[in-house]
Structure formats: structure tokens, C-alpha cells
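# Survey of secondary and tertiary structure
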Amino acid sequence: MITSYKFLLAIVFMFSLSFPTQSASAADQFWVYVGTYTRGSDSQGIYQLRMDAETGKLTHVKTTKNVDNPSFLAIHPNQKTLFAVNEIGDFEGQKAGAVSSFSIDAKTGELKFLNQQSSKGAAPCHLVVDATGNYVLVANYSGGNICSLPIRKNGKLKQSASFVQHTGSSVNPARQKAPHAHSINLDQQNQHAIVADLGIDQLLVYQFDSENGSLKPNSNPGIKLPPGAGPRHFAFHPTGKWGYVINELNRTITAMDYDSKNGSFQEIQTISTVPAGTPAKGNSTAEVQVHPSGKFLYGSNRGPNTLAMYRIDEQTGKLTSLGFQPTGGAIPRNFKIDPSGKFLLAANQETNNIVVFKINPKTGVLEETGHEIQVPKPVCIKFLPVPSTP
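Residues numbered from 1 in each chain as written. Predicted model: local features only at pLDDT ≥ 70, side-chain atom pairs only at ≥ 80, totals over all residues. Heavy atoms only, no water.

## Structural notes on the overall build of the chain
A count of helices and strands for the chain gives 1 helix and 28 strands. Taken over the C-alpha trace, the chain has a radius of gyration of 20 Å; the compact-globule value for 390 residues is 21 Å, and the two agree within 12%. Its C-alpha atoms give the chain principal-axis dimensions of roughly 70 × 50 × 50 Å. Considering the chain as a whole, with its 390 residues, one finds that 56% of them fall into the buried category. For the chain, long-range pairs separated by at least 24 residues make up 49% of all intrachain contacts whose partners lie at least 6 apart in sequence. When the accessible area of the chain is evaluated, it comes to approximately 16900 Å², of which 51% is carbon and sulfur surface. (Helix = DSSP H or I, 4+ residues; strand = E, 2+ residues; numbered from the N terminus. Rg over C-alpha atoms; globule rule 2.2 N^0.38 Å. Buried < 20%, exposed > 50% of the residue type's maximum accessible area, 1.4 Å probe, protein only. Contact = heavy atoms within 4.5 Å. Areas by Shrake-Rupley, 256 points an atom, 1.4 Å probe, with all protein chains shown as cover.)

## Observations regarding the sheet that holds strand β5 (residues 81-86)
An order of β4-β5-β6-β7 is seen for the 4 strands of this open sheet, with the pairing classed as antiparallel. Each having just a single partner strand, β4 (73-75) and β7 (111-118) make up the two edges of the open sheet. Within the sheet, the average angular offset between the axes of one strand and its neighbour, ignoring direction, is 20°. Both β5 and strand β6 (residues 98-104) contribute to a ladder of 6 bridges, which runs antiparallel. From the neighbouring strand, F83 faces β6, where its bridge partner is S101. (Pairing = 2+ DSSP bridges. Axes fitted to C-alpha atoms, helices over the stretch in contact; angles between N-to-C directions.)

## Topic: the sheet that holds strand β27 (residues 366-374)
Across the sheet, which stays open at both edges, the 4 strands sit in the order β24-β25-β26-β27 with antiparallel pairing between neighbours. Looking at the sheet topology across the chains shown, the edges are occupied by β24 (332-337) and β27. Strand-to-strand, the axes of this sheet are offset by a mean angle of 20°, without reference to chain direction. As defined by bridge partners, strand β26 (residues 353-359) adjoins β27 across 6 bridges and the pair is classed as antiparallel. Note on β27: the bridge partner recorded for F357 is E368.

## Describing the pairing of strand β2 (residues 45-52)
Counting buried positions over the 8 residues of β2 gives 6, a clear majority of the element. Where strand β1 (residues 29-36) lies against β2, 6 bridges are found, and the strand directions are antiparallel. Along β2, the bridge assignment pairs Y33 with Q48. The sheet contact formed by β2 and strand β3 (residues 58-65) spans 7 bridges and is antiparallel. Looking across to β3, one finds that Q48 is bridged to K62. The antiparallel pairing of β2 with β3 creates a hairpin that spans 5 residues between the two strands, and G56 there sits at a positive phi of about 90°.

## Let's talk about the pattern of salt bridges
According to the stated counting rule, one finds 7 salt bridges in the structure shown. Notably, a salt bridge pairs E54 with K342, separated by 3.4 Å at the nearest N-O pair. Of this pair, E54 sits in the loop between β2 and β3 while K342 sits in the loop between β24 and β25 (343-348), and the two are 288 residues apart along the sequence. Of the charged contacts, one joins E248 and R175 as a salt bridge, the two residues approaching to 3.0 Å between their closest N and O atoms. (Salt bridge = Lys/Arg side-chain N within 4 Å of Asp/Glu carboxyl O.)

## Side note on the packing of aromatic side chains
Aromatic rings considered in pairs are described by the distance between their centres and by the relative angle of their planes. Under the counting rule described, the total for this entry stands at 8 aromatic pairs. Ring geometry for F234 against F236: centres 4.8 Å apart, planes inclined by 90°, an arrangement best described as edge-to-face. Centroid distance F236 to F265: 6.4 Å. Interplanar angle 25°. Geometry classified as stacked. A residue pair is termed long-range when its members are at least 10 positions apart, and F236 in strand β16 (residues 231-236) and F265 in strand β19 (residues 264-272) qualify at 29 residues. No difference in accessibility class separates F236 from F265, as the two residues are buried. Clustering of aromatic rings is evident, with ring pairs tying together F234, F236, Y258 and F265. (Phe/Tyr/Trp six-rings, centres within 6.5 Å; stacked < 30°, edge-to-face > 60°.)

## Concerning the side chain of Q269
Mapped onto the elements of the fold, Q269 is located in strand β19. At 2.7 Å, the side chain of Q269 and the backbone nitrogen of L319 are in polar contact. Here Q269 is in contact with I253, T254, A255, K318 and L319, once residues within four sequence places are set aside. (Polar contact = N/O pair within 3.5 Å; in protein donor to acceptor, adjacent residues only side chain to side chain.)

## Observations concerning the environment of Y244
The topology assignment puts Y244 in strand β17 (residues 242-247). C-alpha of Y244 to C-alpha of F83: the two residues are 161 residues apart in sequence and 25 Å apart in space.

## A look at the confidence of the model for the chain
Of all residues in the chain, 93% attain a pLDDT of 70 or more, and the chain-wide mean is 94. Under a pLDDT of 50 for its full length, residues 1-21 has, in the predicted model, 9 contacts with residues more than four places off or in other chains. (pLDDT = per-residue confidence, 0-100.)

## Quick word on the nonpolar core
Counting 27 residues, the largest nonpolar core has Y33, I46, L82, F83, L127, V136 and V138 as its most contacted members. Residue assignment for this core shows that the elements contributing at least two residues are β1, β4, β5, β6, β8 (124-129), β9 (135-140), β10 (145-150) and β28 (378-385). Here the element with the most residues in this core is β5; it accounts for 4 residues. Among the nonpolar cores identified, the runner-up in size contains 18 residues, and M51, I354, V356 and F383 belong to it. (Core = buried A, V, L, I, M, F, W, Y, C linked by side-chain atoms within 4.5 Å.)

## A few points about the pairing of β8
As a general feature of sheets, a regular strand has side chains that alternate between the two faces. Of all 6 residues in β8, 6 are buried, a share of seventy percent or more. The antiparallel pairing of β8 with β9 creates a hairpin that spans 5 residues between the two strands, and G133 there sits at a positive phi of about 75°.

Structure, rendered in C-alpha cells:
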């Protein structure tokens, strides 16, 4: 009979076989996958780039074509599959979008289409893979709802396992007549899903069951933001103690304490993403990211076309402004920090370019590298280490 200790070792060994052992931060090069808008643009699909981890230089490798509006991407924990939302509202005759699955070639990074499933709501704009690799969770913007899609062992998607419709509205007549689920994230315990809904000014919390994919309202349902705030994207601190939501409509970031036991938030600070006196008309935020070190936070401003930089207090989680860095283009829809924490890549949607900045490890301030690359209508950036050759 196998002892519990030996059984544990066996499980650890099997886990090590299933997931890559190469450290992402130690990689010499990264594959960079870029989600784009293909409708009404010159984009042909998902763009695969290669980034030199030492210099930050980007080169185009391949384009996975004939993918409809693959705006946001997510990579499976085993690094063998990539998922892309199809941000549309007319999938198979229904008012819904879709999620597409692609296998990732272990050597070349090339994507190969596997299958596609309905997202159960129109205009899916954000997705995440849970820690077990069993489910994709999706936020549908126009639908104002969320769903979970089971993942087969071969990377293909099954039909939705769980679906939740949001209700309500808020004060902005142009943007908040109905719910708009804009992002979905999971906590480090893989037990709570956090959904930023721009249309109803709420950060909603759901209990997530990785065994069956169910999404159920949490006993602590979330946190309400000020009327007209428009919560858009969310990021956890690496410690899991704090969460940060960037509010698109009032151009702020709200910092919160997080209790992982019951999935509850407590607001500790709200800080502007733009200098005092910046006009509201034509300006909005987009992405928020915490540096892997946990020392710094960044948020993107569309209109001013800047990245707001902050230092994170290691005791309280509160933010102190470090200034604003122009993104080198227009409408920075998204940006991403590479796994080593050395570079930040800013995706400028309207000027069709991705600009590379170096992150000062001591100050957190962004520094120009001179590296950029043209990509039509870039929306989302994801990294994957390039396997080292023998």
C-alpha cells in the first residue's frame, strides 16, 4: 500500500511532467502574441512576435490569419494552448460572440486552430484560464454577462458550463444604460472570480468551483464604485493582499484590501490616472498591471496617451504617483509587462504600433528603448518563453 507521503510525491512528479520547467523570467527570448481587431482594419488575425529578453527588440514571426476580432488572449498554464475571444455579436445566428482555441507548437510557437464555442453573450472582451487549466472564464461586454467553458485535455473547448447575467444601470447615459462586464480575474486560491462591470459601477465577486465550472454569487457580493466610475480592468498584487481596479470613465484607480477567505474587498484609496486639470471629454483609461516585484503599478490613459506610474507601499498597498510616460502612439488600449519585469510593451491601437519601454528596477520609472514594431489595431499582449535549444 502506498503511503500518503509517497502518494504526494507521485502527484508532484506527475504535475512536473505536465507543466514546463523553464523559468519564464530566465528566458533569453519570448514569443509575444498580439490580439487585434480585424473588423474594419488591416489586421489579419493574431500576430506572433519574438522579443529579445536582453534588449527588448521585437521582430515579426508569423500571423495566424482568418481569426475574427481576436481582441483578447489567454494562455493555458501548461503553455500548450492559447485562447482568444472573438469580439463579435453575431455568432452562428445568435446575439453572442465566441472563444477560439489554438494549439501552440512547442518549438516554433506557431498557432493551430482547434475549435470554437459560443461565449453566450455579445462582444466578449476579456478571458482567463483557471489555475487547474480546466476552464476558461469569459466576460461579455455588450451581453453584460459572464460564462465558463470547459477545456478538454486536447485543448478544445466544450459548450458553456455556467452562465450569469448581470442587471442594472448607472448614471452615464452614453455608456451605462445596461451592464457591461469588462473583465474577469481569479484570485490566487482559484476560488473567487472578480468581475469588473463598467455599466453598473460594480466589482462583483463570484464563487468559482474548478470541479464543475460553476459561478455563483459570493456571500460578499463585491464592492460598489462611485456612480459614473466605470470599472474596466482589475489586477491583484503578487501577495494577493491587495486588488486594484482601473475606472475607465472617471479616470481613477481604486486600491482595495482583499480577504481571500471570504472574497471581500475594502477600499483603501482612489487616485487619479491623469494630472489635475485634465479635461474629461475624450479621455478614458484602459489597462492596469502590477509589476512582478509588487513594487510598482501602471495604468494606461487613452486621449492623453500616457502610462500613469505608481509606487506601491509595501505595508499598506497604497499608491504614490511617479508621473506619466507618453506611450509613443495613440489610444493605448493595452500594455503588458514581460515575465522578467524588465520591459513594458505598450499597444497603441489607433497608431498601429507597439512601443517597448525599459522599467527602472529601483524607481519604477519607464525609460525609452527606441524599439517598436508595427501591428495593426493591437489590443492585447501575451508572453511565452521561447524554448532554449540544446
